[in-house]
Amino acid sequence: MNIWSDKRVVLTLDAGGTNFVFSAIKSGEEIVEPICKPANADNLEVCLQTIIDGFREVLNVLQEKPVAISFAFPGPADYKNGIIGDLPNLPAFKGGVALGPMLEEYFNIPVFINNDGDLFAYGEALGGVLPEINKRLKAENSAKQYRNLIGVTLGTGFGGGLVHNDELFIGDNSIAAEVWLTSSRLFPERFAEEGISTRAIQRVFLENAIGQYPDYLMPKDIHDIALNKNQSDQKAALLAFEQFGKCLGDSLANLFTITDGIAVIGGGLTGAYQLYMPAALKEMNGKCHKANGEALPRLVQKVYNIDNENEFLEFAKDRSKEIKIPGTDKTIKYDPIPKLAVCSSKLGASRAIGLGAYAFALKNLPE
């Protein structure tokens, strides 16, 4: 499926707890000016009417008839049946609301709803980092091509999605890849999001800072302190991002052992990539220990940060060699070093989610 050449139009929605942003995509590109409306997240009747009005306003400016509606919601739900359940930032849907079926009745076209982390990964797999990496590997004369992708989003929470061979892995209950609930070996008593989120950076900084700061100090403020050598709390800020990176590296290492694919990072905290990625890479490429104390590599694969051009060239380098096939005079190529890569999103989370929503609709509609 080539999302860039498909001429079908799909209505989309970026649904957050504060605002809903409505749009339409054709051939992988937005074709209308997005329409933003308040979410009214605590009033179901108003919220549902807002969603209907938003899509109707997009329809009014479209020149073509859309084939589907496809969008993301933040959190677990019965997405296969279009039912939104209990979401902390959208309390109006508490108890379960058949949003997809309602919209199908109203607009008389298919409706697809998915988790935002899933659609972020799907957009990056079909129209973002995965095709770009494979294209660059080919340009470097590498025979290696990648088909698996982990997408994680870093911000208020820790979200994720998995894609295998252009197929989004959703799970039997529509809640695969709820990475925020995985465990942490750094803090075994906590789930992963407690170490990989805005509040994690805030907590570690405030616990170690000398000065007095408000509880609502944002990661951007802490980022600025970390880069300022004249700031008395630079060390506390650097520690906050280092610990964040360790926790992220731990979670990514666990995901790598299961998926063996490329990882792409998106969300509001990617702007601090240079502060937490060294610690994340150190964790992924570090050691773990057997009961007898013997040290082993944390991962079978070596992980490269391919946002760094020199690391990308190392990642792309062909280290394969010819080995003999026993009992014959023939040889076969063998690469003894399995490699994986991690990088930041170049599309941005919102655009990747939109592309993912568009691609998911096209994938599930008849040609």
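This is a predicted model, so every value here is computed, not measured.

**Considering the nonpolar core**
In this structure, Leu-252, Ile-265, Tyr-276, Met-284, Phe-315 and Val-342 are the most contacted members of the largest nonpolar core, which totals 84 residues. Examining the composition of this core, we find that 11 residues originate from one element, helix H7 (residues 234-259), more than from any other. If you look at the next biggest cluster of nonpolar residues, it comprises 35 residues, including Leu-13, Ile-51, Leu-62 and Val-97.

**Re the domain arrangement of the protein**
Each assigned domain of the protein is listed with its residue range as follows: domain 1 (9-114) and domain 2 (121-351). Contacts between the two partners involve nine residues from domain 1, matched on the other side by eight residues from domain 2. Both faces considered, domain 1 and domain 2 share a buried interface measuring about 500 Å² in area, 41% of it formed by carbon and sulfur atoms. Among the residues domain 1 hides against domain 2, the three largest losses belong to Asp-14, Pro-76 and Asn-114. Together they make up 50% of the total. In this structure, the connection of domain 1 to domain 2 is made through one salt bridge. Note that Arg-351 and Glu-29 form a salt bridge whose closest N and O atoms lie 3.5 Å from each other. The interface formed by domain 1 and domain 2 includes three residue pairs in polar contact (both at pLDDT 80 or more).

**Description of the side chain of Glu-283**
Its location among the elements puts Glu-283 in helix H8 (residues 273-284). Polar side-chain contacts of Glu-283 include one of 3.1 Å to the side chain of Arg-298. Dropping the residues within four chain positions of it, Glu-283 is found in contact with Arg-185, Leu-186, Lys-246, Gly-249, Asp-250 and Arg-298.

**A look at the packing of H7 against H8**
Packing of H7 against H8 leaves a shortest axis separation of 7 Å and a crossing angle of 40°. The angle between the axes of H7 and H8 places the two elements in the oblique class. Along this stretch, H7 crosses H8, giving a crossing that reads as right-handed. Contacts from Leu-238, Phe-241, Glu-242, Phe-244, Gly-245, Lys-246, Leu-248, Gly-249, Asp-250, Leu-252, Ala-253 and Phe-256 in H7 reach Leu-275, Tyr-276, Ala-279, Ala-280, Glu-283 and Met-284 in H8. Class assignment of the residues belonging to the contact of H7 with H8 gives a composition of 12 nonpolar, two polar and four charged.

**Quick notes on the packing of aromatic side chains**
This model, assessed by the stated rule, comprises 17 aromatic pairs. Seen in terms of ring centroids, Phe-22 and Phe-55 are 5.1 Å apart; in terms of plane orientation they differ by 80°. Their pairing is edge-to-face. Remark: Phe-55 occurs in helix H1 (residues 44-61) and Phe-22 occurs in strand E2 (residues 19-26); sequence separation between them is 33 residues. Overall, Phe-22 belongs to the buried group, its relative accessible area being 0%. Seen in terms of ring centroids, Tyr-273 and Tyr-276 are 5.9 Å apart; in terms of plane orientation they differ by 70°. Their pairing is edge-to-face. On the criterion of helical spacing, the pair formed by Tyr-273 and Tyr-276 is a turn pair, its members being three residues apart in helix H8. The same class applies to Tyr-273 as to Tyr-276, namely buried. Chaining the aromatic ring pairs together yields one cluster made of Phe-20, Phe-22, Phe-55, Phe-71, Phe-73, Phe-93, Tyr-106 and Phe-107. The lysine or arginine in question, Arg-136, covers the ring of Phe-312, its NZ or CZ lying 3.7 Å from the ring centre.

**Considerations on a nonpolar patch on the surface**
Where nonpolar side chains cluster on the molecular surface, the patch consists of Ile-323, Ile-325, Ile-332 and Tyr-334 and spans about 320 Å² of accessible area. Structurally, Ile-325 can be placed in the loop between strand E14 (321-324) and strand E15 (331-334).

**Some points on the layout of surface pockets**
Within this model, the largest pocket holds a volume of roughly 1,000 Å³. Together, 36 residues line the largest pocket, and Pro-74, Asn-89, Asp-116, Thr-156 and Gly-157 are the ones closest to its centre. By residue class, the composition of the lining of the largest pocket is 14 nonpolar, 17 polar and five charged. Residues lining the lining of the largest pocket come from more than one domain, with at least three contributed by each of domain 1 (9-114) and domain 2 (121-351). Considered as a void within the structure, the second largest pocket measures approximately 390 Å³ in volume. Secondary structure elements with two or more residues in the lining of the second largest pocket: helix H9 (309-316) and strand E16 (339-344). Classifying every residue of the lining of the second largest pocket by side-chain character gives eight nonpolar, six polar and eight charged.

Conventions we followed
Per chain, residue numbering runs from 1 following the sequence as it is written. Thresholds applied to this predicted model are a pLDDT of at least 70 for local features of residues and 80 or more for the giving and counting of side-chain atom pairs; totals over whole chains, interfaces and linings are not thresholded and use all residues. For side-chain calculations, the full set of non-hydrogen atoms in the structure is used, while hydrogens and water are omitted. We define a nonpolar core as any set of buried Ala, Val, Leu, Ile, Met, Phe, Trp, Tyr and Cys residues linked to one another through side-chain atoms lying within 4.5 Å. With a 1.4 Å probe rolled over the protein chains alone, any residue whose accessible area is under 20% of its type maximum counts as buried; one over 50% counts as exposed, and the rest are partly exposed. Working definition: helices are DSSP H or I runs of at least four residues, strands are E runs of at least two. Numbering for both runs from the N terminus. The source of the domain bounds is an automatic or database domain assignment. By the convention used here, residues are in contact when the closest approach between their heavy atoms is within 4.5 Å. Accessible area that two parts lose when put together, evaluated with a 1.4 Å probe and summed over both, is termed the buried area. Any Lys or Arg side-chain nitrogen found within 4 Å of a carboxyl oxygen on Asp or Glu counts as a salt bridge. Under this definition, polar contacts are N or O atom pairs within 3.5 Å; protein pairs additionally need one hydrogen-donor-capable and one acceptor-capable atom, and for neighbouring residues in sequence, both atoms have to be side-chain atoms. Geometry is summarised by axes, namely lines fitted to C-alpha atoms with helices restricted to the contacting stretch, and by angles between N-to-C directions that run from 0 to 180 degrees. Each angle is binned into one of four classes, with values under 35 degrees roughly parallel, values over 145 roughly antiparallel, values of 65 to 115 roughly perpendicular, and all other values oblique. Should the near helix be turned anticlockwise from the far one by less than a right angle, the crossing is left-handed, and should it be turned clockwise, the crossing is right-handed. Residue classes follow a fixed rule: Ala, Val, Leu, Ile, Met, Phe, Trp, Tyr, Cys and Pro count as nonpolar, while Asp, Glu, Lys and Arg count as charged, and any other residue, Gly among them, counts as polar. Any pair of Phe, Tyr and Trp rings, taking the six-membered ring for Trp, is counted once the centres come within 6.5 Å. Such a pair is stacked with planes under 30 degrees apart, edge-to-face with planes over 60 apart, and tilted for the rest. Whether a charge sits over a ring depends on NZ of Lys or CZ of Arg being within 6 Å of the ring centre and within 35 degrees of the ring normal. Each patch is built from residues lacking any salt bridge and having more than 30% relative accessible area; the joining distance is 9 Å for like charges and 5 Å for nonpolar side chains (Val, Leu, Ile, Met, Phe, Trp, Tyr). Where accessible areas are quoted, they stem from the Shrake-Rupley method and a 1.4 Å probe; at the residue level, only the protein chains shown are allowed to cover. Cavities and pockets are defined on a 1 Å grid built over the protein atoms alone: a cavity is a set of grid points where a 1.4 Å probe fits but cannot escape, while a pocket is an open set with protein on both sides within 12 Å along at least five of seven lines, and lining residues are those with an atom within 4 Å of any such point. Grid points are joined across faces, edges and corners, and a volume is the space filled by probe spheres set on the points.

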